[in-house]
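Each chain is listed here by its residues.
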Amino acid sequence: MRVSFALLGTAFVAVMAVSGLRAAGEADVLFVSSLTLKVGQQGTVLVEAELLAKPGLGAWTLDISYDNTVVTATECIGLAGSVCNPVFDEHTVRVTGASASGLTGTNELGTITFLCGRPGESPLMLRLSIWGNAIETDQRKVEMVEGSITCTEPPDLITISSFDLEVGRQGTVRVEAERVAQPGVGAWTLDISYDASVVSFLGCEVLDELSECSGESAATVHVRGASAEGLQPGTVLAELEFRCDQPGATDLRTEVKNWSVAGIGFMDRLVDVEEGRVLCGTQLPSTGVAEPRPGSAPATVPLAVLGTVLVAAALAFRRYASAR
């Protein structure tokens, strides 16, 4: 009998322990997801609730506040019976809704789209006004997990222009640092390769005396430079001159060997390249007469027809003169 009481006591303690864990974990969980975006990009966060306790969630009103100097809310879509206002005030989104039957399980209450305006981090802070049961008017227990949006600088951007010319003519492409983040670029080395069977490299002009440009390697132009103050956006690094030698096309493939932060040395920055292209078309004849299109009649056919017409006209004129 003692053993039975001991076993019963152990079972009772175990049941009470499980009940205690269940009671401690019966709070709902409300959370907002997080994002990392580049400046100028948009992204969407999710507002979600995990509802554990009966009788379910009957009404809710929650506000998500953010740093409007870093991000802007551009759109909000209510889900699971919610309505959503992305401009509740200048730095707050409001999500409110109701369910007669009560929400249970995991529910997406809404999605919010943000635009990154400048580098920085904006917390997404939750504040509840209403979080009530479906039957009673009691407020439910809830744990809140807040999100954030991190806005980062986009990579620097180098652009190479393009041109389209006839064979025998020459043109210039521009190498430009279109987008550069502060404090600027302190040193740069670019290798720009081309198809030497299509074009010839004639020469280049560079930014200033701190830059240099050369084409001593076969089918590759080297552009190098340095700036103590830091290269700024919109700076033209070099202008390269090519001549079209043969019909065809060549991409101006660019390898960035060095693109480092001003004042720090060889600490590389992220950089994207929009490569250029040179298209060389067929040279027109010096007479200026366009070549016939494929499938068109050769130029001798119209001349033959013209000759026949002239002969017929001459014979008719002789018969007319003889008759008179």
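As a reminder, the structure under discussion sits directly above these lines.
Residues numbered from 1 in each chain as written. Predicted model: local features only at pLDDT ≥ 70, side-chain atom pairs only at ≥ 80, totals over all residues. Heavy atoms only, no water.

What about the overall build of the protein?
Okay, so step 1: Helix and strand content of the protein: 2 helices and 22 strands.
Okay, so step 2: Residues classed as buried in the protein amount to 35% of the 324 residues present.
Okay, so step 3: In the protein, the share of contacts with a sequence separation of at least 24, taken over all contacts with a separation of at least 6, comes to 76%.
Okay, so step 4: Within the structure as shown, the protein displays about 18,500 Å² of accessible surface, and the carbon and sulfur contribution to it stands at 57%. (Helix = DSSP H or I, 4+ residues; strand = E, 2+ residues; numbered from the N terminus. Buried < 20%, exposed > 50% of the residue type's maximum accessible area, 1.4 Å probe, protein only. Contact = heavy atoms within 4.5 Å. Areas by Shrake-Rupley, 256 points an atom, 1.4 Å probe, with all protein chains shown as cover.)

Let's talk about unusual backbone geometry
Okay, so step 1: Look at the link from Q182 to P183: it is a cis peptide, with omega at 10°.
Okay, so step 2: In this structure, P183 sits in the loop between β14 (170-179) and β15 (185-193).
Okay, so step 3: The residue A80 is not glycine, and still its phi comes out positive at about 55°.
Okay, so step 4: With respect to the helices and strands, A80 occurs in the loop between β5 (71-78) and β6 (82-89).
Okay, so step 5: Phi angles above zero are rare outside glycine, and A219 is one such case at about 60°.
Okay, so step 6: Within the secondary structure layout, A219 lies in the loop between β17 (211-214) and β18 (220-231).
Okay, so step 7: Here A219 falls in the partly exposed class, since its relative accessible area comes to 21%.

Here we look at the pairing of strand β13 (residues 163-166)
Okay, so step 1: Where burial is concerned, the two faces of β13 differ: the one with F163 and L165 is buried and the one with D164 and E166 is not.
Okay, so step 2: In terms of strand pairing, β13 meets strand β22 (residues 276-281) through 4 bridges, oriented parallel. Paired with F163 across the bridge in β22 is V278. (Pairing = 2+ DSSP bridges.)

Notes on the sheet that holds strand β4 (residues 57-65)
Okay, so step 1: Taken in spatial order, the 6 strands of this open sheet run β2-β11-β9-β4-β7-β6, and their pairing is mixed. The open sheet has two edge strands, β2 (35-38) and β6, and neither has a second partner. Neighbour to neighbour, the strand axes of the sheet diverge by 20° on average, direction disregarded.
Okay, so step 2: Where β4 meets strand β9 (residues 120-133), 8 bridges bridge the pair, whose relative direction is antiparallel. Bridge pairing in β9 places T61 opposite I130. (Axes fitted to C-alpha atoms, helices over the stretch in contact; angles between N-to-C directions.)

Here we look at the state of the cysteines
Okay, so step 1: One pass over the structure, following the stated rule, counts 4 disulfides.
Okay, so step 2: The residue that forms a disulfide with C204 is C213, at a sulfur-sulfur distance of 2.0 Å. Measuring handedness by torsion sign, the sulfur bridge of C204 and C213 sits at about -130° and is left-handed.
Okay, so step 3: Covalently, C244 is tied to C280 through a disulfide, its sulfur atoms 2.1 Å apart. Taking the sign of the torsion about the S-S bond as the criterion, the disulfide between C244 and C280, at about -80°, is left-handed. Taken together, the positions of C244 in strand β19 (residues 235-244) and C280 in strand β22 put the pair 36 residues apart, joining distant regions of the chain. (Disulfide = S-S within 2.5 Å.)

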